[in-house]
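So you can see what is in the structure, the chains are spelled out below.
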Amino acid sequence: MININYRTLVASGLLILLLFAVGYLFVWDVINRPVNLSAGLELDDQGRFLLTVEQGSNLKRVNAQLESQNVIASGFVVTTWARLSNRNRILAGDYWVSSKDTAKTLVDKFVQGDIAQHSITFPEGWSFKQWLSELGKIPQFSVVSDMSKAEILRRIHRDLDHPEGWFFPDTYNYAKNDSVFSILKQAHRRMRDELERAWLSRAKDLPYASAYEALIMASIIEKETGIADERTEIAGVFVRRLQQGMRLQTDPTVIYGMGDRYLGNIRRSDLRQYTPYNTYRIDGLPPTPIAMPGLASINAAMHPKSGSSLYFVARGDGSHQFSATISQHQEAVRKYQIEQRPENYQSAPQ
């Protein structure tokens, strides 16, 4: 007959429970302890560092790296806990690690693919050349520096033969594995969508034969506007000039047509020289947009302000003086460009 020592059994049970509780508390502490980012890591301006999980890597390897950098307390404990929790399948990519993270939140990021997002901003009024220059500064997008414009456009959209105006200025997010063409395709789709919506709601009797002509006008408005409130008034001047058969005579189109010849000033000889974009020499609109217009300029082109003004001249501070007659305009030119012209005179928006 087996004699059972109940006291010994109870004591053993309590010891097991105690060991289990201690182990549980230890694991809980390891996986929930805030990460350590003071171990000589390269942090960004927000106090984060960028961790790269390479393609083909696994959680054990990543946790071992984090332990070697003293970011987490025990890679073995975290990996074992993750496997028991069925969280050991991770996705490659870049991940931000901040002081708010714990080993547990990092594992969750790796499993869910909460990949770090970077961003790039394209201001209103930039040209396609400026877009490519900005993209080329980012190592993963530097391929554009070695490609022809025609090849880049072919990769974006088969029907896109001239890029100017066809990319919507905004801030775009991207991850490490995104291509430069994914950003350009997104910006191109956005511009097409915004232009189509604006075209469908446009005012009546506008002098545009197509939405593309409205986009050309929007790009000119974008380059002429220094003060937001003037967009629709500038649009009104250009629309009335087209309706009356007057030439647009706008400097930004001349500058665009000059290309690399433009060195900061327009001379009288530049105004006389013919290019397809010199609106002092051509009738109507230039053949393409001259920049990437923002939504406000697109809407201004579709809804110009009514009125009688046919001229405007820069006051030198980014704003303009509008006039209905040539005599009024000549007086404004004399006043703002000759008599009151300051040293820091600004003829076009910066």
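Residues numbered from 1 in each chain as written. Predicted model: local features only at pLDDT ≥ 70, side-chain atom pairs only at ≥ 80, totals over all residues. Heavy atoms only, no water.

**Comments concerning the nonpolar core**
- Within the largest apolar cluster, 55 residues are counted, with the highest numbers of intra-cluster contacts made by Leu-135, Ile-152, Phe-167 and Leu-184.
- Among the elements of the structure, α5 (128-136), α6 (149-156), β4 (171-174), α7 (180-200), α8 (211-224), α9 (231-243) and α12 (295-302) are those that each provide at least two residues to this core.
- Sorting elements by how many residues they give to this core places α7 first, with nine residues.
- Once you skip the residues sitting within four places of it in the chain, Leu-135 turns out to touch Ile-120, Phe-122, Phe-141, Ser-142, Val-144, Val-180 and Leu-184.
- Membership of the second largest hydrophobic core comes to 24 residues, among which are Val-35, Ile-72, Trp-81 and Val-107. (Core = buried A, V, L, I, M, F, W, Y, C linked by side-chain atoms within 4.5 Å. Buried < 20%, exposed > 50% of the residue type's maximum accessible area, 1.4 Å probe, protein only. Helix = DSSP H or I, 4+ residues; strand = E, 2+ residues; numbered from the N terminus. Contact = heavy atoms within 4.5 Å.)

**Quick look at the confidence of the model for the protein chain**
- Taken as a whole, the protein chain shows an average pLDDT of 90; of its residues, 92% reach a score of 70 or greater.
- By mean pLDDT, the top-scoring element of the protein chain is α12 (98), and the lowest-scoring one is helix α1 (residues 6-32) (75). (pLDDT = per-residue confidence, 0-100.)

**Side note on a positive patch on the surface**
- Where like charges cluster on the molecular surface, the positive patch consists of Arg-154, Arg-155, Lys-185 and Arg-189.
- Of all the secondary structure elements, the ones that give two or more residues to the positive patch are α6 and α7.
- You can see Arg-155 is positioned in helix α6.
- Residue Arg-155 is classed as partly exposed on the basis of its relative accessible area of 39%. (Patch = residues over 30% accessible without salt bridge, like charges linked within 9 Å, V, L, I, M, F, W, Y side chains within 5 Å. Areas by Shrake-Rupley, 256 points an atom, 1.4 Å probe, with all protein chains shown as cover. Salt bridge = Lys/Arg side-chain N within 4 Å of Asp/Glu carboxyl O. Lys, Arg positive; Asp, Glu negative; His and termini not counted. Charge placed at Lys NZ, Arg CZ, Asp CG, Glu CD.)

**Notes on the pairing of strand β2 (residues 93-97)**
- Buried residues dominate β2, accounting for five of its five residues.
- Burial of the side chains of β2 extends over both faces: Gly-93, Tyr-95 and Val-97 are buried on one face and Asp-94 and Trp-96 on the other.
- Sheet topology places strand β1 (residues 49-53) next to β2; five bridges connect them, and they run antiparallel. When the sheet's bridge partners are listed, Phe-49 is paired in β2 with Val-97. (Pairing = 2+ DSSP bridges.)

**Brief notes about α5**
- Listing the buried residues of α5 in full gives Phe-128, Trp-131, Leu-132 and Leu-135. Down the axis of α5, the buried side of the element spans an arc of 95°, and every buried residue falls inside it.
- Next to the buried residues of α5 lie β3 (118-121), α6, β4 and α7. (Arc of directions from axis to C-beta.)

**Description of α8**
- End to end, α8 covers 20 Å across 14 residues, agreeing with the expected 20 Å (1.5 Å per residue, within 8%).
- Counting buried positions over the 14 residues of α8 gives 11, a clear majority of the element. (Expected span 1.5 Å × (residues − 1).)

**Description of the pairing of strand β5 (residues 311-314)**
- Side chains Tyr-311 and Val-313 of β5 all project onto a buried face; the interleaved residues Phe-312 and Ala-314 project onto the opposite face, where all are buried too.
- Relative to strand β6 (residues 320-323), β5 runs antiparallel, the two being bridged by four bridges. Within the sheet, the bridge partner assigned to Val-313 lies in β6 and is Gln-321.
- The hairpin formed by β5 and β6 contains five residues between the paired strands, and Gly-316 there has a positive phi angle of roughly 100°.

**Brief notes about empty space enclosed by the protein**
- Scanning the model with the defined rule gives one cavity of 30 Å³ or more in all.
- What lines the largest cavity is Val-254, Met-258, Arg-261, Asp-270, Gln-273, Thr-275 and Asn-278.
- The residue makeup of the lining of the largest cavity, split by class, is two nonpolar, three polar and two charged. (1 Å grid on protein atoms, 1.4 Å probe; cavity = no way out; pocket = protein on both sides within 12 Å on 5 of 7 lines; lining within 4 Å. Points joined across faces, edges and corners; volume = space filled by probe spheres on them. Nonpolar A, V, L, I, M, F, W, Y, C, P; charged D, E, K, R; others polar.)

**Focus: the pattern of salt bridges**
- The tally for this structure, following the rule as stated, stands at 15 salt bridges.
- The partner of Lys-129 in a salt bridge is Asp-260, with the nearest N and O atoms 3.0 Å apart. Taken together, the residues Lys-129 in helix α5 and Asp-260 in the loop between α10 (251-258) and α11 (268-272) connect sequence positions 131 residues apart.
- Judged by relative accessible area, which is 65%, Asp-260 ranks as exposed.

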